[in-house]
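# Architecture and fold: a report
If you want the building blocks of each chain, they are given just below.
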Amino acid sequence: MSDFSGELLRPMTGDDDLGETRVLSGTGMCFPWLQKQIQSVVTGGKKEKDFAQTTSACLSFIQEALLKHQWQQAAEYMHSYVQILEDSDSYKRQAAPEIIWKLGSEILYYHPKSSVETFNTFADRMKNIGVMNYLKISLQHALYLLHHGMLDDANRNLSQAETWRYGEKSSSQEVLINLIQAYKGLLQYYTWSKKKMELSQLDEDDYAYSTASQSMLNHSWKTSINLCALIQIPGVWDPFVKSYVDMLEFYGDRDGAREVLTNYAYDEKFPSNPNAHIYLYNFLKREKAPREKLISVLKILYQIVPSHKLMLEFHRLLRKSEKEEHHKLGLEVLFGVLDFAGCTKNITAWKYLANHLRQTLMGNHLDWLQEEWNSRKNWWPGFHFSYFWAKTDWKEDKALACEKALVAGILLGKGYRYFRYISKQDHQVLKKKIKQMKKLVKKCSIVNPGL
């Protein structure tokens, strides 16, 4: 810990407490709490005080300061909180470095006088306090550098962490090492992607093309090694999977790409992840897979995220199917999409629903419609078809209002306020559409006892 001092120390000014020194960054940012820790560890001294009471109070003050974005005040409170590194409670003492790192890095990230140099200094020091946190801090440090566009520095940081070992390798250490290698793989993928872009601008007959192609192949080999180990471990690894699959596809290994995506989506050891099914669907779509296969993938996505934007595409696939069960599911999917507030203005969804309602009734499947409507008839009218929404929709989007009015008329009858308001509007351009809407409602409304 004595190596904490060095260039970051300077005597305090006359306005400060006598006899103390402070840790400074190159920007003049002051960290008295860090120097206190240096002095305490170097001298081996420990003042008699109630550690538990002091550190608990300081932690509360720090949390409150962070919530209020009072970064300098939070830094000053760390002056006392860092004493926890000397707590007689071994559990608290062991947990302290990670807490200090999380608090300190948060403060440094947002402090107006902080800089990359300040953060780097803090991170490098914290890696050596409680060595069990070395890998985790190294990874977070690298992410910070990536955020600031310092790719070479981040790569060096990851390379150093990759070779670090302490005692017998535990399972948690192994996961962190795999994650560090995978992030290193992402950096290599970024370089590979740039080379791929350069390659696309070269003539295949040029010598430069051959050289660039070989360089890409070398990078892809290194990247695949770094990414492959991580994506075998159950977890959510979206950017790593996408990068790996992109390279596999580029080199023509479509079977390998399909296997990776299929395992990522369907392996029960992995957590439920909508993106896994989206990636698989997009891959199969690029492969021009059979409709049944595409439907089977989107059916699972529907169960996870019924409001996803791909659900309208799912509906179109179901409508093209010759199976009645798919047509029935297509109706369910549309109702499911429009159950969500974020989809209420989606004119395509309303247009699809209006058409599907009409076709469902013409196909003598009133029971399908009633099955969906019975669970919604008590809340959809207020949610979608109030007088307020009629006026608002007509003012903001007349085409949307017409589609919604047709659905309202079919489900609630021609006397319902939403349909009645829209059907009475005098609009020269939409006059023909409104007239046609009235005819359809008269013919198809489920409120009509003659249906």
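Residues numbered from 1 in each chain as written. Predicted model: local features only at pLDDT ≥ 70, side-chain atom pairs only at ≥ 80, totals over all residues. Heavy atoms only, no water.

### Some details on the overall build of the chain
When you go through the chain residue by residue, the secondary structure sums to 22 helices and three strands. Across the 451 residues of the chain, 45% fall into the buried class. Of all intrachain contacts in the chain linking residues separated by at least 6 positions in sequence, the fraction that spans at least 24 positions is 60%. Put simply, the chain shows about 24,000 Å² of open surface, and 51% of that area lies on carbon and sulfur atoms. (Helix = DSSP H or I, 4+ residues; strand = E, 2+ residues; numbered from the N terminus. Buried < 20%, exposed > 50% of the residue type's maximum accessible area, 1.4 Å probe, protein only. Contact = heavy atoms within 4.5 Å. Areas by Shrake-Rupley, 256 points an atom, 1.4 Å probe, with all protein chains shown as cover.)

### Looking at the packing of aromatic side chains
Summed over the entire model, instances satisfying the criterion amount to 26 aromatic pairs. Measuring from ring centre to ring centre gives 5.3 Å for Trp-192 and Phe-250, while their planes differ by 90°; the resulting arrangement is edge-to-face. With Trp-192 in helix H8 (residues 171–200) and Phe-250 in helix H10 (residues 238–250), this pair connects stretches of sequence that are 58 residues apart. With relative accessibility at 0%, the residue Trp-192 sits in the buried group. Take Phe-250: its relative accessible area is 37%, and that puts it in the partly exposed class. (Phe/Tyr/Trp six-rings, centres within 6.5 Å; stacked < 30°, edge-to-face > 60°.)

### Considering the environment of Met-126
Mapped onto the elements of the fold, Met-126 is located in helix H5 (residues 116–126). Under the relative-accessibility criterion, Met-126 is labelled buried at 2%. Separated by 21 residues in the primary sequence, Met-126 and Ser-105 place their C-alpha atoms 10.0 Å from one another. Not counting the four nearest positions on each side in its chain, Met-126 is found in contact with Pro-97, Ile-100, Trp-101 and Ile-137.

### What about the side chain of Glu-313?
Take Glu-313: it is sitting in helix H14 (residues 311–320). In this structure the side chain of Glu-313 is engaged in a polar contact, spanning 2.4 Å, whose partner is the side chain of Tyr-281. Those residues within four positions of Glu-313 in sequence are excluded, and the remaining contacts are Tyr-281 and Lys-285. (Polar contact = N/O pair within 3.5 Å; in protein donor to acceptor, adjacent residues only side chain to side chain.)

### Remarks on the pattern of salt bridges
On inspection of all chains with the given rule, the structure shows 22 salt bridges. Glu-371 is the salt-bridge partner of Lys-328, the closest N and O atoms lying 3.2 Å from each other. Placement of Lys-328 in helix H15 (residues 324–338) and of Glu-371 in helix H17 (residues 366–373) is noted, with a sequence separation of 43 residues between them. Between Glu-372 and Arg-376 there is a salt bridge, and its shortest N-O distance comes to 3.0 Å. Overall, Arg-376 belongs to the buried group, its relative accessible area being 8%. Here the residues in one salt-bridge network are Glu-249, Arg-254, Asp-255, Arg-258, Arg-286 and Glu-287, joined through shared partners. (Salt bridge = Lys/Arg side-chain N within 4 Å of Asp/Glu carboxyl O.)

### So, the confidence of the model for the chain
Atomic detail in the predicted coordinates should be set aside for any region of low pLDDT. In this model, the chain carries an average pLDDT of 85, and 84% of its residues clear a pLDDT of 70 or more. Note that residues 1–29 has pLDDT below 50 and, in this model, 54 contacts with residues that lie over four places away or in other chains. Every residue in residues 33–49 scores below 50 in pLDDT, and together they form 33 contacts with partners more than four places removed in sequence or on other chains. (pLDDT = per-residue confidence, 0-100.)

### A few points about unusual backbone geometry
The backbone phi angle of Lys-288 is positive, close to 60°, even though this residue is not glycine. Positionally, Lys-288 belongs in the loop between helix H12 (274–286) and helix H13 (291–304). For Lys-288, a relative accessible area of 74% puts it in the exposed group. For Asn-364, which is not glycine, the phi dihedral falls at a positive 60°. Here Asn-364 is to be found in the loop between helix H16 (347–362) and H17.

### Regarding H12
Look at H12: 19 Å from first C-alpha to last across 13 residues, which is about the 18 Å you get at 1.5 Å a residue. Considered for burial, the residues of H12 that qualify are Ala-276, His-277, Ile-278, Tyr-279, Leu-280, Tyr-281, Phe-283 and Leu-284. Buried residues along H12 sit against H10, helix H11 (254–266), H13 and H14. Its side-chain oxygen placed 3.1 Å from the backbone nitrogen of Asn-275, Asn-273 serves as the N-cap of H12. Phi for Lys-288, located one or two positions after H12, is positive at around 60°. (Expected span 1.5 Å × (residues − 1).)

### Some thoughts on the packing of helix H4 (residues 90–110) against helix H6 (residues 134–147)
Relative orientation of the contacting elements H4 and H6 amounts to 10°, with a least axis distance of 11 Å. One way to sum up the angle between H4 and H6 is to call them roughly parallel. Together, Glu-98, Trp-101 and Tyr-109 of H4 and Lys-136, Ile-137, Gln-140, Tyr-144 and His-147 of H6 make up the contact between the two elements. (Axes fitted to C-alpha atoms, helices over the stretch in contact; angles between N-to-C directions. Parallel < 35°, antiparallel > 145°, perpendicular 65-115°, else oblique.)

### Observations concerning H17
For H17, the full list of buried residues reads Trp-368, Leu-369, Glu-372 and Trp-373. All buried residues of H17 project into a common sector of 125° when viewed along the axis, lining one side. Those residues of H17 that are buried lie in contact with H15, H16, helix H18 (380–384) and helix H20 (398–412). (Arc of directions from axis to C-beta.)

### Digging into the packing of H13 against H15
In the contact formed by H13 and H15, the axes pass within 13 Å of each other and the chain directions differ by 35°. For the pair H13 and H15, the crossing hand works out as left-handed. Along its contact with H13, which presents Glu-292, Ile-295, Lys-299 and Tyr-302, the element H15 presents His-326, Leu-329, Glu-332 and Val-333. A per-class count over the contact of H13 with H15 returns four nonpolar, one polar and three charged. (Left-handed = near helix turned anticlockwise from the far one by under 90°. Nonpolar A, V, L, I, M, F, W, Y, C, P; charged D, E, K, R; others polar.)

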